[in-house]
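Each chain is listed here by its residues.
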Amino acid sequence: MPESVAVPRAGLFTGTKGAVPLTGVTVDAEISNLCARVTVGQRYVNTEATPIEAVYVFPLDEGSAVCGFEAIVDGTLVVGEVKERDEAFNIYDEAIEQGHGAFLLDEERPDVFQASVGNLPPGKEVLLKLTYVSELSIADGSIRFVLPTTVSPRYAPSQGRSGVGRPDSEALNPPVSWTVPYGLHLSVRLALTGAIGRIESPSHPIAIALNDGEATVTLAQREAALDQDFVLAIEAPALAAPQAWLERNDDGDDAVAIAFAPARSAEASPAEVIFLVDRSGSMAGSSINEVRNALQLCLRSLVPGSYFNIIGFGTQLDALFPQSRLYDEGSLAAASAHVSGMQADLGGTEILPALEAAFNQPRTSMARQVVVVTDGQVTNTDAVLAFVRKQEAYARVFTFGIGAGPSQHLVRGLARAGGGAAEFIMPGERASAKVTRQLARVLAPALTNVRLDWGGVEVTQAPSAVPAVFGDGRLLVYGLVRTPREQRQQTTIRLQADSSSGPVEYAVRLDPSQTTGHTHRTVATLTARARIRELEEHPEWIAARGSRQARRKANSQVKEILELSLRYGLMSRETSYVAVERRDTPVLGDIQLRRIPVALTRGWGDVGRVDVGRMQSMADTGTFEATALLGGPFTGAIGQRSMPPAAARSVRPERSLRPERSLFSRVFGKSTLPSDPESQSIVPEPGTADVARAADPIQRLVALQHADGSWDLTNELAQAVSGRLADLEKALKDIAPATAATRQAWATALALSWLERNAVHAEGDWRLLAVKARRWLDGVATVPSGGRSWLEAARDELAHRQPPARMR
């Protein structure tokens, strides 16, 4: 392919050896009690001798309500407008053909966007700025602010590689490079009421500046590579309290946001749990290691009487059992050994057939819970969510997003569609507390008949159906207020539901005199976005993307999405932002397309620099297509372009070159390579010598617990609780006859007491295991002498023998 090909109009297929016009990305964010408001700046410079069209595919938080788009050219501000998607594309194309500058912002998925800079003259630069607001993810009193930075290569099933116009495999897979010549500059201001505790980032080194009760977080280095999500964790206990925001806007669009704080359920009941584990090639390396560790803790947190199964998936399925088995010592041992040997060796990410297999498993008498563990890198998210939505009456779906850049839309969308919850585990992040928190949700009986009483206030609620309710964070519900201002009175908004133990109710007081005036209509914007998301995830709207007949059937959804998007200036799957720079002297002639490469996600598929260098050298001769490796390409290219926006609807790309299979066998093929020492599970298989080598004493105790919640009095347990077996056996003889039952009760009480004494800082890691152990102890018939319980005797013993351990 030649170095660059001149074309008579913008948007045709061209080469990519020219300079990368994107020079930097800046992010300025403000976090308040309600939401985050974020402004993203992208600076483009044309250093070439001819006009260019620059196209950049990038990620945003999947809950983003994009409400602003503008371009600054030669000091002149050009403000974008929201238009119906086809109309925006036409305005963009016509402006370029007439020699003007044009700027387009398009939403491919709720977490994947595309910016296009059309007809940028030689020597000129432009700054694009987009603004969005998004909900805060809050659990156990901590905020988690996430800024996605790159779009990971996504697996495309066969249906995503064909059809009229640009297929999903093209739209969602930008060119990829090991390094890119632009970086991230970041500033996050914390404007929170109430105390702020620890501020930390598990993903990046940060600097924190304090000023008048507020904090500003910046990157510790000058700029960061855009190769992994930026994650900021903030302890803010006040945000766990119920709150209400009533927003008065000058245009009369008053809106309300209600934050409920449901109580944590202490109840855990037996259930059927199917673990659906992504073992595709992209999970190789640190991701599959995180999966092993998470699953080992999940297995030990199950409740006696449960049924479970583990199904690994890629382009093929690998089920542990033909159908779910009773959770007992034998099935736990088999599952633990199975998990310890897991590899990312099953090919491409065929998640839809895997979900179908999980839902079609023979049913037990118990409520079915499906736990999906994935890096979420697929193109058929819409079809996956539509399928799960249709199955929500039969099972709940919970998700773990693994890795440095998982698809938030797939991970969170699956949980929404299945009435569950989502958790994300970054590389190097301590996962045990999140795993325990998620399993507590899985094993808690679902609330039924969930309803919202607005206390006489007339509102248009968003979402119209109350989301799933869990007791470890806050639940946000929005409404556009229809009650006239002069008729509003103080009232109480009530969230009501039925639980297994009876009715439950959570209340929030709403005072119309306590209003919030937001210049940017923040609450109204979030309300509109919540409703748009609900409509876009409706099976009828998803089906409408496939045919004109289906689109007519979903006309009411399409119409409402357009009305809300245009009214509130919001991006959606039906609308785009477009801005035109009118020029007195048009710039006419040939335009070169420059598709911006993105950095390969850190740790993706365990691919290293050497691999990417070889990919890059192949890409110099043309794009590659990994059909034989994936069972379907993630098409896109390493340092190469795929279909640009302006011509995507009418021009099909050239057939691409295919690389050697051996280059990608670790990523997409069946790897038989042994895992390195760092990829071994830190929760060893029970009953093995590896238990004694586990570095973390909590992990050592976890590995020794039986399925019924008990422990055995062994050398390994004695070492874990910092004692000698002979001394612990002697202490037992002083309080009870040394039988098999009392040895087991004594060991279980010692393990629990040690955790209470030495691991309070990590109680979230072992809370479910402790509940199971206490239930087992309650069933022990023999009691120690002296009227004490087993736990009281164990506490006295440990207090006598050792000071509390200093844990890291």
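Let me sum up the structure you'll find in this document. (Residues numbered from 1 in each chain as written. Predicted model: local features only at pLDDT ≥ 70, side-chain atom pairs only at ≥ 80, totals over all residues. Heavy atoms only, no water.)

### Focus on the pairing of strand E30 (residues 491-499)
Here four bridges tie strand E27 (residues 448-453) to E30, and the two strands are oriented antiparallel to one another. Following the sheet pairing, Thr 448 is matched in E30 by Asp 498. Across nine bridges, the pairing between E30 and strand E31 (residues 502-510) is antiparallel. By the bridge assignment, Ile 493 is partnered in E31 with Val 508. (Pairing = 2+ DSSP bridges. Helix = DSSP H or I, 4+ residues; strand = E, 2+ residues; numbered from the N terminus.)

### With respect to the sheet that holds strand E14 (residues 199-200)
Pairing in this open sheet of four strands is antiparallel, and the strands run E10-E11-E17-E14 from one edge to the other. Two strands bound the open sheet, and with one partner strand each, they are strand E10 (137-139) and E14. Where strand E11 (residues 142-147) lies against strand E17 (residues 230-235), six bridges are found, and the strand directions are antiparallel. The residue bridging Val 146 from the neighbouring strand is Val 231, located in E17.

### Regarding unusual backbone geometry
Look at the link from Ala 462 to Pro 463: it is a cis peptide, with omega at -10 degrees. Note that Pro 463 resides in the loop between strand E28 (459-462) and strand E29 (475-481). Its identity is not glycine, yet Asp 74 carries a phi of approximately 50 degrees, on the positive side. Note on placement: Asp 74 falls in the loop between strand E4 (65-73) and strand E5 (76-79). A relative accessible area of 55% means that Asp 74 is categorised as exposed. Backbone geometry at Asn 119 places phi at a positive 60 degrees, although glycine is not the residue there. Mapping Asn 119 onto the fold places it in strand E8 (residues 112-120). (Buried < 20%, exposed > 50% of the residue type's maximum accessible area, 1.4 Å probe, protein only.)

### Some remarks on the nonpolar core
Side chains that are nonpolar tend, in soluble globular proteins, to be buried together. Counting 81 residues, the largest nonpolar core has Phe 275, Trp 746 and Trp 790 as its most contacted members. If you tally residues by element for this core, the top one is helix H20 (residues 740-758), at nine residues. Leave out the neighbours within four places in its chain, and Trp 746 touches Leu 713, Leu 728, Ala 731, Leu 732, Ile 735, Trp 790, Ala 793, Ala 794 and Glu 797. (Core = buried A, V, L, I, M, F, W, Y, C linked by side-chain atoms within 4.5 Å. Contact = heavy atoms within 4.5 Å.)

### Examining the packing of aromatic side chains
Counted by the stated rule, this structure contains nine aromatic pairs. Relative to Phe 113, the ring of Phe 58 has its centre 6.3 Å away and its plane inclined at 25 degrees; by these criteria the two rings are stacked. With Phe 58 in strand E3 (residues 52-59) and Phe 113 in strand E8, this pair connects stretches of sequence that are 55 residues apart. We note that Phe 58, like Phe 113, is buried. Here a set of aromatic residues connected by ring pairs shows up, and it is made of Tyr 56, Phe 58, Phe 113 and Tyr 182. (Phe/Tyr/Trp six-rings, centres within 6.5 Å; stacked < 30°, edge-to-face > 60°.)

### A word on the pattern of salt bridges
One pass over the structure, following the stated rule, counts 37 salt bridges. One network of salt bridges, in which partners are shared, links Glu 62, Arg 389, Arg 416, Arg 533 and Glu 537. (Salt bridge = Lys/Arg side-chain N within 4 Å of Asp/Glu carboxyl O.)

### Description of the packing of H20 against helix H22 (residues 790-801)
Each packed pair of helices is defined by two parameters, the angle between the axes and the distance between the axes. One way to put it is that H20 packs onto H22 with a least axis distance of 8 Å and a crossing angle of 60 degrees. By the angle between their axes, H20 is oblique relative to H22. The crossing of H20 and H22 is right-handed. Packed against H20, whose contacting residues are Thr 742, Ala 745, Trp 746, Ala 749, Leu 750, Leu 752, Ser 753, Trp 754, Glu 756 and Arg 757, the element H22 presents Trp 790, Leu 791, Ala 793, Ala 794, Arg 795, Glu 797, Leu 798 and Ala 799 at the interface. (Axes fitted to C-alpha atoms, helices over the stretch in contact; angles between N-to-C directions. Parallel < 35°, antiparallel > 145°, perpendicular 65-115°, else oblique. Left-handed = near helix turned anticlockwise from the far one by under 90°.)

### Overview of the environment of Leu 750
Position of Leu 750 among the secondary structure elements: in helix H20. Spatially, the C-alpha atom of Leu 750 lies 9.9 Å from that of Asp 796, the residues being 46 residues apart in sequence. Ignoring sequence-local partners within four residues, the contact set of Leu 750 consists of Leu 713, Val 721, Leu 728, Ala 794, Glu 797 and Leu 798.

### Let's talk about helix H19 (residues 725-735)
Because each turn of an α-helix spans 3.6 residues, side chains separated by three or four positions in sequence point in the same direction. Among all positions in H19, only Leu 725, Leu 728, Ala 731, Leu 732 and Ile 735 are buried. An end-on view of H19 places all buried positions within 125 degrees of arc, on one side of the element. Of the residues in H19, the exposed ones pointing more than 90 degrees away from the buried face are Lys 730, Lys 733 and Asp 734. Close packing links the buried residues of H19 with helix H18 (715-720), H20 and H22. (Arc of directions from axis to C-beta.)

### A short note on the sheet that holds E4
Across the sheet, which stays open at both edges, the eight strands sit in the order E5-E4-E9-E2-E1-E13-E16-E15 with mixed pairing between neighbours. Looking at strand neighbours, the two that pair on one side only are E5 and strand E15 (206-211), the edges of this open sheet. Going across the sheet, the axis of each strand differs from the next one's by a mean of 15 degrees, ignoring polarity. As judged from the four bridges shared by E4 and E5, these two strands associate in the antiparallel manner. Along E5, the bridge assignment pairs Ile 72 with Leu 77.

### Side note on a negative patch on the surface
Together, Asp 328, Glu 329, Asp 708 and Asp 712 line one region of the surface with negative charge. On the accessibility criterion, Asp 708 (33% relative accessible area) is partly exposed. (Patch = residues over 30% accessible without salt bridge, like charges linked within 9 Å, V, L, I, M, F, W, Y side chains within 5 Å. Areas by Shrake-Rupley, 256 points an atom, 1.4 Å probe, with all protein chains shown as cover. Lys, Arg positive; Asp, Glu negative; His and termini not counted. Charge placed at Lys NZ, Arg CZ, Asp CG, Glu CD.)

### Focus on the packing of helix H8 (residues 432-443) against helix H21 (residues 763-778)
Two elements in contact, H8 and H21, have axes separated by 7 Å at closest approach and are oriented at 40 degrees. Judged by the angle between their axes, H8 and H21 are oblique. Crossing of H8 over H21 shows left-handed handedness. Within the contact between the two elements, H8 uses Ser 432, Ala 433, Thr 436, Arg 437, Leu 439 and Ala 440 and H21 uses Gly 764, Asp 765, Trp 766, Arg 767 and Leu 768.

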